Amino acid sequence: MITIKKMAELLGTSTTTVSNVIHGKPGEVSPVMVEKVKKLIEEYDYVPNRNARNLARNRSGIIGLAMKASENKYDNFVKDPFAGELIGAVERFVRAKGYFTMLYVSSDIGEIISSVSSWNVDGLILLGMQKEDGELLNQKMKKPMVFVDAYFEDASFEYVNVGIDDRKGGREITEYLIQSGHRKIAFLADNCMGVDYQRFMGYRDALDSAGLPWKEDNFIRLKPSGADLSLILSQAYERVGDFTAFICASDYYAAYILNDLKDRGMKIPQELSIVGFDDNVCSRLVRPALTTVHQDVTEKSRITVDKLFHIINEENYGANFEQLPVFIVERSSVRKI
């Protein structure tokens, strides 16, 4: 295999000149020499030695993407449209910077830390972490880190997070239902922590502002069991007579519940209105299409990657907390009373 040194000798130029062309820095190289180098690269099928370059820069060229996901909720977290879009977008933006992405998904934070520590990554992107997870990561990992959708209340450590205004989204979708004439509105989620807690609090804010009473059983706590959604669907069906509208904490749940209720003979939205949160592919595939809260997962991923690389390169990365806007996408799953 031809080397940079050999190419420089064949062209009668310096190794720096050849290296600049190979690594996309032809600014100080004449157009004629750039073409000669490119022709030689093509003739010899030259492939840059990325490992050698990273070694010289004291970098591994790897970004770790670690996700904590409940085993009870998912048999395969990547099947979730939100997770799939985020993984794909992060990988694309990391690759555009000449790096590789390594993914690890587990329900065990100790397992995540142990595995990621062995990768020798240049930086970490972390999703699905609670406050205690963040504290452990801060203690154990000495690498640049950016969290996605983290809410670490009264954290004793400094952290960088990219998310959305979940509470505002929860409030606005509830207000939308109230303005559509609904008064009996349930909130459905499988937990009341982090992102889902913020969305739930937005729901409570809207009810309080409208002077509507809230009872504890208005929160329908879904109990997932891996790939088997039958219990969740039964839980939802058992409560349809108590409400005129369901707010689901994600489009993922909203789509499954909507389809199940239709299979049981219910008319949506005539008998029950259903809304979701995320505006992912699930919301557009079901019929009627879901009214939901939009978030831009791809833009969230871009900002996360950019912040991480600014931290790695010891550059100004802006605010520690970046919050992207949300807005209502009105489709066909809500009846106006």
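Nothing here was measured: the structure is a model prediction, and the numbers come from that model. Here the residue index of a chain counts from 1 through its sequence in written order. Predicted model: local features are reported for residues with pLDDT of at least 70 only, side-chain atom pairs are reported and counted for 80 or more only, and whole-chain, interface and lining totals are derived from all residues. As a convention, hydrogens and water are excluded, and side-chain values are obtained from all of the structure's heavy atoms.

1. Thoughts on the domain arrangement of the protein
What counts, and what does not: All the domain ranges listed were derived from an automatic or database domain assignment.
For the protein, the domain assignment lists domain 1 (4-48), domain 2 (62-164 + 298-325) and domain 3 (166-295). Just the C-alpha atoms count here: the centres of domain 2 and domain 3 sit 27 Å apart.

2. Considerations on the layout of surface pockets
If a probe as big as a water molecule is rolled over the atoms, it shows which places are left empty. Rules: Here a cavity is any set of points on a 1 Å grid over the protein atoms alone where a 1.4 Å probe fits but cannot get out, and a pocket is any open set with protein on both sides within 12 Å along at least 5 of 7 lines; a residue lines the site when it has an atom within 4 Å of a point. Grid points are joined across faces, edges and corners, and a volume is the space filled by probe spheres set on the points. Amino acid classes used here: Ala, Val, Leu, Ile, Met, Phe, Trp, Tyr, Cys and Pro are nonpolar; Asp, Glu, Lys and Arg are charged; the rest, including Gly, are polar.
In this model, the second largest pocket occupies a volume close to 220 Å³. As for the second largest pocket, its lining consists of Arg-183, Lys-184, Ile-185, Leu-207, Leu-212, Pro-213, Lys-215, Asp-217, Asn-218, Arg-239, Asp-242 and Phe-243. Per-class residue counts for the lining of the second largest pocket are five nonpolar, one polar and six charged.

3. Quick notes on the sheet that holds strand E3 (residues 123-127)
For clarity, the threshold we go by: A strand pair is defined by DSSP finding two or more bridges across the two strands. Only DSSP runs of H or I with at least four residues qualify as helices, and only runs of E with at least two residues qualify as strands; both kinds are numbered from the N terminus onward. For helices, the fitted axis covers only the stretch in contact; all axes are lines through C-alpha atoms, and the angles between them, taken along N-to-C directions, range from 0 to 180 degrees.
Spatially, six strands are ordered E2-E1-E3-E4-E5-E11 in an open sheet, and the strand pairing comes out parallel. Two strands bound the open sheet, and with one partner strand each, they are strand E2 (100-106) and strand E11 (321-324). Sheet twist, expressed as the average angle between the axes of neighbouring strands with direction ignored, equals 20°. By the bridge criterion, five bridges tie strand E1 (residues 62-68) to E3 in an arrangement that is parallel. Residue pairing across strands places Ile-63 opposite Gly-123, the latter belonging to E3.

4. Topic: unusual backbone geometry
Note the following rule: Note on classification: 1.4 Å probe, protein chains only; a residue is buried when its accessible area is under 20% of the maximum for its type, exposed when over 50%, partly exposed between these limits.
Between Ile-268 and the following residue, Pro-269, the backbone shows a cis peptide bond with an omega angle of 10°. Take Pro-269: it is sitting in the loop between helix H11 (251-263) and strand E9 (273-275). Cis rather than trans, the peptide bond between Arg-287 and Pro-288 has omega equal to 5°. Along the chain, the position of Pro-288 falls in the loop between helix H12 (281-285) and strand E10 (292-294). Even without being glycine, Asp-149 reaches a positive phi, approximately 60°. In this model, Asp-154 sits at a positive phi of 55°, which is unusual for a non-glycine residue. Positionally, Asp-154 belongs in the loop between strand E4 (145-148) and strand E5 (161-164). Residue Asp-154 is classed as exposed on the basis of its relative accessible area of 72%.

5. Some words on the packing of aromatic side chains
In this description, an aromatic ring pair is defined by two values, namely the gap between the centres and the angle between the planes. The following threshold applies: Stacked, edge-to-face and tilted are the three classes for Phe, Tyr and Trp ring pairs, Trp counted by its six-membered ring, which pair at centre distances within 6.5 Å; planes under 30 degrees apart are stacked, over 60 edge-to-face, the rest tilted. In this scheme, the term charge over a ring applies when either NZ of a lysine or CZ of an arginine sits within 6 Å of the ring centre and within 35 degrees of the ring normal.
Taken as a whole and judged by the stated rule, the model has 17 aromatic pairs. Relative to Tyr-159, the ring of Phe-157 has its centre 5.7 Å away and its plane inclined at 50°; by these criteria the two rings are tilted. Taking the relative accessible area as the measure of exposure, Phe-157 reaches 11% and is therefore buried. Pairwise contacts between aromatic rings join Phe-147, Phe-152, Phe-157, Tyr-159 and Phe-321 into one cluster. In this arrangement the basic side chain of Arg-92 is found over the ring face of Phe-93, its NZ or CZ atom lying 4.7 Å from the centre.

6. Considerations on the packing of helix H1 (residues 4-11) against helix H3 (residues 31-44)
Test applied: The labels follow the angle: roughly parallel below 35 degrees, roughly antiparallel above 145, roughly perpendicular from 65 to 115, and oblique for the rest. Two helices cross in a left-handed way if the nearer one is turned anticlockwise from the farther one by less than a right angle. They cross in a right-handed way if the turn is clockwise. Throughout, a residue-residue contact means that at least one pair of heavy atoms, one from each residue, lies within 4.5 Å.
Across the interface, H1 lies against H3 with an axial gap of 11 Å and an inter-helix angle of 125°. Put simply, H1 runs oblique to H3. H3 is crossed by H1, and the crossing has right-handed handedness. Facing Met-7, Leu-10 and Leu-11 of H1, the residues of H3 in contact are Met-33, Lys-36, Val-37, Leu-40, Ile-41 and Tyr-44. Of the residues in the contact of H1 with H3, the class split is eight nonpolar, no polar and one charged.

7. A closer look at the environment of Ala-249
Tracing the chain through its elements places Ala-249 in the loop between strand E8 (245-248) and H11. The sequence separation of Ala-249 and Phe-277 amounts to 28 residues, and the corresponding C-alpha distance is 5.7 Å. Ignoring sequence-local partners within four residues, the contact set of Ala-249 consists of Phe-187, Leu-188, Ala-189, Asp-196, Arg-199 and Phe-277.

8. Points about the nonpolar core
The following threshold applies: What we call a nonpolar core is a set of buried Ala, Val, Leu, Ile, Met, Phe, Trp, Tyr and Cys residues that are connected through their side-chain atoms within 4.5 Å.
In terms of nonpolar packing, the biggest core is built from 50 residues, with Ile-63, Leu-86, Ile-125, Phe-187 and Ile-247 touching the most fellow members. Broken down by element, the residue count for this core peaks at eight residues, all from helix H5 (residues 81-96). There are two domains that each give this core at least three residues, and those are domain 2 (62-164 + 298-325) and domain 3 (166-295). Membership of the second largest hydrophobic core comes to 26 residues, among which are Leu-188, Ala-254, Ala-255 and Ile-274.

9. Section: the pattern of salt bridges
Condition: Salt bridge, as used here: a side-chain nitrogen of Lys or Arg that lies within 4 Å of a carboxyl oxygen of Asp or Glu.
What the rule picks out here adds up to 18 salt bridges. Among the salt bridges present, the one from Asp-205 reaches Arg-167, with a minimum N-O distance of 2.7 Å. One end of the pair, Asp-205, is in helix H9 (residues 194-209); the other, Arg-167, is in helix H8 (residues 166-179), with 38 residues separating them in the sequence. With a closest N to O distance of 3.4 Å, Glu-322 and Lys-307 form a salt bridge. Here Lys-307 lies in helix H13 (residues 297-312) and Glu-322 lies in strand E11, a separation of 15 residues in the sequence. Judged by its relative accessible area of 30%, Glu-322 falls in the partly exposed class. Note on Lys-307: relative accessible area 4%, which makes it buried.

10. Re the pairing of E5
A two-sided burial pattern is seen for E5, the buried positions comprising Asn-161 and Gly-163 on one face and Val-162 and Ile-164 on the other. Across two bridges, E4 lies against E5 in parallel orientation. Counted as the bridge partner of Val-148 is Val-162 from E5. Where E5 meets E11, four bridges bridge the pair, whose relative direction is parallel. Looking at the pairing, Val-162 lines up with Glu-322 of E11.

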